[in-house]
Structure formats: structure tokens, C-alpha cells
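# Structural overview for review
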Amino acid sequence: MREPGLMDTHREALSVAVLGAELLVGLVTGAGWGWTARLWREPDGSLWSKGTEAAVFVWTGGLVLRAALYGAAR
């Protein structure tokens, strides 16, 4: 039966571990995106950004890690 909250009351330690891992993956992925993005301002004042080729690997890695966490938690 699915619980409505974030934590599984029958497996609290595992729930905390999975939630912590998800937060860590999110932080690392966000930092990776920030590190691989290039920002510049055009002469008209508009701000532009573009991801480098490494951004594709960061995005893919984050997606794979999140899918693995979902599978492990399931």
C-alpha cells in the first residue's frame, strides 16, 4: 500500500537513505550543470547561456542515477 508521505513508516532508515541520496544527486547534478554552462551578455544587454558538450554527460548521468534510485527504492 502506498503511503501519502515522503517516508515509508515501515522502512524509515531506508527511506531516509534514499531521500538523502536523491538530494545529493540533485545537488551534484545542479553543480555539474552550473559548471558546464557558459554565460555571456550581448551588447544589447540580453543574457545568454549555452551548455558545453560535458553538459550532455552531466544531464544523462543525473537521469541514470535518478532512475537507479527509483528502481532501488521501488
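## Digging into the overall build of the protein chain
- If you tally the helices and strands in the protein chain, you get two helices and two strands.
- Listing each helix as α and each strand as β along the protein chain from the N terminus yields α-β-β-α.
- A sequence separation of at least 24 residues applies to 34% of the contacts in the protein chain between residues at least 6 apart.
- Surface exposure of the protein chain reaches about 6200 Å², of which carbon and sulfur atoms provide 68%.

## Remarks on the environment of Thr52
- One can find Thr52 in the loop between β2 (47-51) and α2 (53-73).
- On the accessibility criterion, Thr52 (26% relative accessible area) is partly exposed.

## Focus: the side chain of Thr29
- The residue Thr29 is located in helix α1 (residues 12-36) in this model.
- By relative accessible area, which is 7% here, Thr29 ends up buried.
- Among residues more than four places away in sequence, those in contact with Thr29 are Val58 and Gly62.

Criteria and cut-off values
- Just so you know, the residues in each chain are numbered from 1, in the order the chain's sequence is written.
- Only residues with pLDDT of at least 70 are given local features in this predicted model, and only at 80 or more are side-chain atom pairs given and counted; all residues enter the totals for whole chains, interfaces and linings.
- Working from all heavy atoms in the structure, the side-chain values ignore hydrogens and water.
- Only DSSP runs of H or I covering at least 4 residues are called helices, and only runs of E covering at least 2 are called strands; the numbering of each starts at the N terminus.
- Residue contacts are defined here by distance: any two heavy atoms, one from each residue, within 4.5 Å place the two residues in contact.
- Here the open area of atoms and residues is found with the Shrake-Rupley method and a 1.4 Å probe, where only the protein chains shown may cover a residue.
- Under the scheme applied here, a residue whose accessible area is under 20% of the maximum for its type counts as buried, over 50% as exposed, and between as partly exposed, the area being computed with a 1.4 Å probe on protein chains only.

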